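Survey of secondary and tertiary structure
Below are the chains, spelled out letter by letter.
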Amino acid sequence: MTTLTAAFAQAAAKYCDRTALIDGDGTAYRFSQVQGLAETYAAGWYAKGVRPGDRVLIAMGIGVDLYASLAALWSLGATVVLPEPAMGLAGVKTAIQATQPKFFCAAGPYRWIKLLIPGLWGTTLLTPKQHSNAGSPNLIIDPDSIALTSFTSGTTGTPKAIPRSHAFLMAQWKAVAPLLQSEATEIDLVTFPVFVLINLAEGRTSVLPNWKMSKLAALDPRALVDWISVNNCTRALLPPALCEKLVEAQDTGPLNHILTGGGPVFPDVVLGLKQIAEHLDITTVYGSTEAEPIAHSHTTEQGYGLLVGHPVDAVQLRIVDTEIQVAGDHVNTGYLDPTRDAETKVYDGDTIWHRTGDAGKLDDEGRLWLLGRVGDQVMTESGVQYPFAVETAARMWPGVARVALMELHDVPVLVVEGDANQIKLWRAQAAAFGIKDVRHISAIPLDKRHHSKVDRNALHTLLG
């Protein structure tokens, strides 16, 4: 088996009557139905001229059409271009400039994007409604050909285009699969597309979000619990922001297991979940756009930094001058624009190491602790302090909702979102870390992708 598309087809044949996806509107689709849609779309789009190697920019909401479209395009040997959804139209423009797509694949209101962006005017529109009686071709796909081009979030610079071959996606499946193994028949609420792809390949049911992932802050915590409950979800794969919603609701529904990542998972959030449901298993997963997963943990501890656990078996990991570097078959080795490689790639013989930009350390048990981003450390009266070393402790202080350690005008500043009545206590606690400047703010800005990381650039601008 050389491609995810082949794995989808095999799973569809084996689990044809099992529910594959439950869409955001509550519609359930069997594996055979998803495969049928993929074959129908492939036939229609082959008739429209899609051929191996063609770049197809795709714009769809998270739903059955998206995953059927991915399977269809990959079966045709096309390269799917996925803009960064958190960037909106700016992300689409970045993707067009980087890849120059030949086709634009869209459904529903996303079709109108073609009229709004001149870079798409010369592309051919593909929609799920385009059918053909000729049937889809049976092509042999080169595992080294590019299946997917996605983009970094751009929060630390200009977004970079990341090409992923079919072989790379298969290696990622191999790296992720052990995290999802279960002896029980699981129903997963999944908010990360890569895990939906793995579930489709393994015959596992995925429940998709019924809210916009770009508007997590507006999601009613009770609505999240209700969606989990009505679909009898046994597991949830969520960013930390949604774990916080469950803590706010004081209810985890029928969940037995939560896997969370996409941003720092602080001990207070894990403890909050455990207080609601002692039986709940919680797995934190650390990774990056270029390398997912890197490490995982089933426990949480207070320490100098943020514990993310043992590196996964599929990754090589080393720490150079406090920076975490990784290598492996599921680790990106180069960008679509090779001039960007020098920023994050280190060549060591036959091994290409990816510089994550994250500072970390390994303890005596071989567990990885995150300290924050390289360069975000500050000099205090007590010496060098890394953000996560202070923030993990500060989030446990009374009245603290969110916190960020940063440097402002060469002075270490602890910025706190929470109950301002507790600021005297915060200042006393911060003094133990050598920090004298503690400031209250109504809301610390967060990243647009998962609403889980502090947007330090925006925070700098806000504080002036």
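See the structure above.
What you see is a predicted model, and the numbers here were worked out from it, not measured in a lab.

Notes on the overall build of the chain
- The helix and strand inventory of the chain stands at 14 helices and 25 strands.
- Over its C-alpha atoms the chain spans a radius of gyration of 23 Å, differing by no more than 12% from the 23 Å that the globule rule assigns to 464 residues.
- Its C-alpha atoms give the chain principal-axis dimensions of about 75 × 50 × 45 Å.
- Sequence separation of at least 24 residues holds for 60% of the intrachain contacts in the chain that already meet a minimum separation of 6.
- When the accessible area of the chain is evaluated, it comes to approximately 20000 Å², of which 51% is carbon and sulfur surface.
- A distance of 7 Å separates the average location of the 38 positive side-chain charges in the chain from that of its 47 negative side-chain charges.

Re the pairing of strand S8 (residues 161-165)
- The buried fraction of S8 amounts to five of the five residues, a majority that puts the element mostly inside the structure.
- Neither face of S8 is open: one carries Ala161, Pro163 and Ser165, the other Ile162 and Arg164, and all of them are buried.
- Of the pairings in the sheet, the one linking strand S7 (residues 146-151) to S8 comprises five bridges and is antiparallel in character. Counterpart to Leu148 in the pairing with S8 is Arg164.

Overview of the side chain of Asp188
- Relative to the elements of secondary structure, Asp188 occurs in strand S9 (residues 187-190).
- Judged by relative accessible area, which is 0%, Asp188 ranks as buried.
- In contact with Asp188, not counting residues within four places along its chain, are Asn199, Arg204, Thr205, Ser206, Val207, Arg235 and Leu237.

Concerning the packing of helix H1 (residues 4-14) against helix H7 (residues 193-202)
- Across the interface, H1 lies against H7 with an axial gap of 7 Å and an inter-helix angle of 50°. By the angle between their axes, H1 is oblique relative to H7. Mapping the contact onto sequence places Leu4, Ala7, Phe8 and Ala11 in H1 and Leu197, Leu200 and Ala201 in H7.

Observations regarding the packing of aromatic side chains
- Scanning the model with the defined rule gives four aromatic pairs in all.
- One Lys or Arg, Arg51, reaches over the ring of Tyr46 and ends 3.7 Å from the middle of that ring.
- Above the ring of Tyr335, the side-chain terminus of Lys160 is found at 5.4 Å from the ring centroid.

Remarks on the environment of Ala28
- Examined against the element boundaries, Ala28 turns out to sit in strand S2 (residues 28-30).
- Along the backbone, Ala28 and Arg18 are 10 residues apart, and their C-alpha atoms lie at a distance of 9.8 Å.
- When sequence neighbours within four positions are dropped, the list of residues in contact with Ala28 reads Thr19, Leu21, Ile22 and Gln33.

Concerning the pattern of salt bridges
- Applying the stated criterion across every chain yields a total of 21 salt bridges.
- Between Asp17 and Arg30 there is a salt bridge, with its nearest N and O atoms 3.9 Å apart. Taken as a pair, Asp17 in the loop between H1 and strand S1 (19-22) and Arg30 in strand S2 lie far apart in primary sequence, 13 residues in all.
- On the basis of relative accessible area, Asp17 is assigned to the exposed category, the value being 61%.
- Taking the relative accessible area as the measure of exposure, Arg30 reaches 34% and is therefore partly exposed.
- A salt bridge links Glu244 to Arg402, with the nearest nitrogen and oxygen atoms 3.0 Å apart.

Observations concerning helix H9 (residues 240-249)
- Among the 10 residues in H9, seven count as buried, and that is most of the element.
- Residues of H9 that are buried: Pro240, Ala241, Leu242, Cys243, Lys245, Leu246 and Ala249.
- Packed against the buried residues of H9 are helix H8 (221-230), strand S11 (235-238), strand S12 (257-261) and helix H10 (267-276).
- Once H9 finishes, Gln250 follows within two positions and takes phi at roughly 55°, a positive value.

Regarding the environment of Leu219
- You can see Leu219 is positioned in the loop between strand S10 (205-207) and H8.
- Judged by its relative accessible area of 9%, Leu219 is buried.
- The spatial distance from the C-alpha of Leu219 to the C-alpha of Pro163 is 33 Å, given a sequence separation of 56 residues.
- Look past the residues within four positions of Leu219 in its chain and what remains in contact with it is Trp211, Leu224, Leu242 and Lys245.

Description of the sheet that holds strand S23 (residues 400-408)
- Strand order in the open sheet formed by three strands is S23-S24-S25, and the pairing between neighbours is mixed. Taken across any chain shown, the strands that pair with only one partner, and hence form the sheet edges, are S23 and strand S25 (437-440). For this sheet, the mean angle separating the axes of adjacent strands, direction not counted, is 25°.
- Bridge analysis of S23 against strand S24 (residues 411-418) gives eight bridges, and the strand direction is antiparallel. Directly across from Val403, in S24, lies its bridge partner Val416.
- Packed onto the sheet, helix H14 (residues 456-463) meets S23 and S24 and runs at close to 80° relative to S23.

Calculation criteria
- Residues numbered from 1 in each chain as written.
- Predicted model: local features only at pLDDT ≥ 70, side-chain atom pairs only at ≥ 80, totals over all residues.
- Heavy atoms only, no water.
- Helix = DSSP H or I, 4+ residues; strand = E, 2+ residues; numbered from the N terminus.
- Rg over C-alpha atoms; globule rule 2.2 N^0.38 Å.
- Contact = heavy atoms within 4.5 Å.
- Areas by Shrake-Rupley, 256 points an atom, 1.4 Å probe, with all protein chains shown as cover.
- Lys, Arg positive; Asp, Glu negative; His and termini not counted.
- Charge placed at Lys NZ, Arg CZ, Asp CG, Glu CD.
- Buried < 20%, exposed > 50% of the residue type's maximum accessible area, 1.4 Å probe, protein only.
- Pairing = 2+ DSSP bridges.
- Axes fitted to C-alpha atoms, helices over the stretch in contact; angles between N-to-C directions.
- Parallel < 35°, antiparallel > 145°, perpendicular 65-115°, else oblique.
- Phe/Tyr/Trp six-rings, centres within 6.5 Å; stacked < 30°, edge-to-face > 60°.
- Lys NZ or Arg CZ within 6 Å of the ring centre and 35° of its normal.
- Salt bridge = Lys/Arg side-chain N within 4 Å of Asp/Glu carboxyl O.

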